[in-house]
Amino acid sequence: MSQALSIIIVDDMQFSRAVMRSGLLKLGYEDIRLAASGEEVLRMTAERYADVIIADWVMPSMNGLELLETIRREDQKRDWYTAFILFTAKDEQHAMLEAFRRGVDDYLIKPADPDELAARVYGAGRVAALNNGLLQTSNALRAANRELLESNLIDNLTGLGNRRYLEQRLQSMLRYAHEREGAVCTVLLAIDHFRQINDEYGRDCGDEVLASVALRLRNSVRPTDVVARYGGDTFAVAALHADPSHISNQQVERLVQTVSAPAYHTDNGDVSLSASLGANIYRHGAICTPLSNILHNAEQNLTAARQTGRSRAVSS
């Protein structure tokens, strides 16, 4: 079974390169490039990135650590992370602490044991995948923020999208679910008795609480979900799910608990609050209703939740 991982092996000894390549092929890896020098690796990565580089420590012209430092600089320019495994002889082990300080991810001792090779490369692949996933998410968020600022779709207090932004994104989600598949969950969440917080602690503290609620909401949902300030003390969350069964009342109700506890730390002391929630769920196959109806249904459910007391959730 092939494994989708791009690997470069660099060693000035041809036999050593061939042995390691043979071991990786037996493990199911297919995308394996061989290089005889650090300079050759740099030419390869300029053409196509690698997920993992396995480099000999001692090489003429450019040694393994020098190559590592260059790769790290290049990765920074291209928003990429290359996992780096250093291939060492036993008498070089004493210097490995310095290698880790300089950014190496792992190491192998010559000659590499097949099981150790499998474990190290698998681990390095996971490190690369995790870091590159984080980089992609970060880049997507930066791009989204630029889009918000350029289109006047951002709420200045919380840094979230505003209602106009929510409506644009929600319209796209509903169109996708109607024409293709999936379901869209639209949530309106309001802080209970927010006016009392302003009266007791002051408006500056109230603004601080709103910003903190926004951050807590953003951190509690998926990066692809939309979180917006709907207006005043009310926030919105819109989520597109490819599988409608992934939406549940428990999942929606959990947002109430996320916002309500623990207390919020402010300059005026800890502030405890509760929240009420109204949700509307549109599923593929249902009659496509206008966006205004979706939001109206969510607003009605929010009103019903607030009328029944604190920390309530109503969905339909």
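Structure: see above.
About the criteria used
- Starting from 1, residues in each chain are numbered consecutively following that chain's sequence as written.
- Local features in this predicted model are restricted to residues of pLDDT 70 or higher, and side-chain atom pairs are both shown and tallied only at a pLDDT of 80 or more, whereas totals for entire chains, interfaces and linings draw on every residue.
- Derived side-chain values reflect all non-hydrogen atoms in the structure, with water molecules and hydrogen atoms excluded from consideration.
- Segments assigned H or I by DSSP are reported as helices when at least four residues long, segments assigned E as strands when at least two residues long, and all are numbered from the N terminus.
- Multiplying 1.5 Å by the helix residue count minus one yields the expected span of that helix.
- What makes two residues a contact is simply this: any of their non-hydrogen atoms within 4.5 Å.
- Each polar contact in these results corresponds to two N or O atoms within 3.5 Å; when the atoms are within protein, one needs to be able to donate a hydrogen and the other to accept it, and residues that are neighboring in sequence are counted only if both atoms are side-chain atoms.
- Note on classification: 1.4 Å probe, protein chains only; a residue is buried when its accessible area is under 20% of the maximum for its type, exposed when over 50%, partly exposed between these limits.
- Pairing of aromatic side chains requires ring centres within 6.5 Å, counting the rings of Phe and Tyr and the six-membered ring of Trp. Pairs whose planes differ by under 30 degrees are stacked, by over 60 edge-to-face, and all others tilted.
- Two limits define a charge over a ring: the Lys NZ or Arg CZ must be within 6 Å of the ring centre, and within 35 degrees of the ring normal.
- Pairing between strands is defined by DSSP: at least two bridges between them are needed.
- An axis is simply a line fitted to the C-alpha atoms; with a helix, the fit covers only the stretch in contact. Between two such axes, the angle follows the N-to-C directions and lies from 0 to 180 degrees.
- Each angle receives one of four descriptions, namely roughly parallel if under 35 degrees, roughly antiparallel if over 145, roughly perpendicular if within 65 to 115, and oblique otherwise.
- Left-handed describes a crossing whose near helix is turned anticlockwise from the far helix by less than a right angle; the clockwise case is right-handed.

A. Layout of helix H3 (residues 64–78). Compared with the 21 Å implied by 1.5 Å per residue over 15 residues, the 21 Å span of H3 between its first and last C-alpha is a close match. Taken together, the buried residues of H3 touch strand E1 (7–10), helix H2 (38–47), strand E3 (52–56), strand E4 (83–88) and helix H4 (96–101). N-capping of H3 is provided by asparagine 63, with a side-chain oxygen placed 3.0 Å from the backbone N of leucine 65. Once H3 ends, the next one or two residues include aspartate 79, with phi positive near 55°.

B. Molecular detail of the side chain of aspartate 11. With respect to the element layout, aspartate 11 can be found in the loop between E1 and helix H1 (14–26). For aspartate 11, a relative accessible area of 1% translates into the label buried. If we skip the residues at most four places from it in the chain, aspartate 11 touches Ser16, Arg17, Ala35, Ala36, Asp56, Met59, Phe87 and Lys110.

C. Looking closely at the packing of aromatic side chains. This structure, assessed with the given rule, holds 2 aromatic pairs. Ring geometry for tyrosine 49 against tryptophan 80: centres 5.2 Å apart, planes inclined by 45°, an arrangement best described as tilted. Residue tyrosine 49 is located in the loop between H2 and E3, and its partner tryptophan 80 is located in the loop between H3 and E4; the two are separated by 31 residues in the primary sequence. The ring of tyrosine 107 carries arginine 120 above its face, with NZ or CZ at 5.3 Å from the centroid. Positioned over the ring face of tyrosine 264 is arginine 216, at 3.8 Å from the centre of the ring.

D. Quick look at the side chain of serine 274. Residue position: serine 274 is located in the loop between strand E10 (269–271) and strand E11 (275–283). Engagement of the side chain of serine 274 in a polar contact is seen with the side chain of aspartate 192, the distance being 2.7 Å.

E. Local environment of the sheet that holds strand E5 (residues 106–109). The sheet built from 5 strands is open, its strands ordered E2-E1-E3-E4-E5 with parallel pairing. Of all the strands in the sheet, just strand E2 (32–35) and E5 have a single pairing partner and so form its edges. Going from strand to strand, the sheet's axes swing by 20° on average, the running direction of each strand aside. With 4 bridges connecting them, E4 and E5 associate as parallel partners. What sits directly across from isoleucine 85, in E5, is aspartate 106. With respect to the sheet, H1 is in contact with E1, E2, E3, E4 and E5, its orientation differing from that of E2 by roughly 175°.

F. Unusual backbone geometry, seen in detail. Lysine 110 connects to proline 111 through a cis peptide bond whose omega is -15°. Examined against the element boundaries, proline 111 turns out to sit in the loop between E5 and helix H5 (114–151). The backbone phi angle of histidine 193 is positive, close to 50°, even though this residue is not glycine. Relative to the helices and strands, histidine 193 is located in the loop between strand E6 (183–191) and helix H7 (194–201).

G. The packing of helix H6 (residues 163–179) against helix H10 (residues 291–307), seen in detail. The interhelical angle for the contact between H6 and H10, taken along N-to-C directions, is 110°, at an axis separation of 10 Å. In terms of orientation, H6 and H10 fall into the roughly perpendicular class. Judged by the twist between their axes, the crossing of H6 over H10 is right-handed. The residues of H10 that touch H6, namely those facing Arg163, Leu166, Glu167, Leu170, Gln171 and Leu174, are Leu291, Ile294, Leu295 and Glu299.

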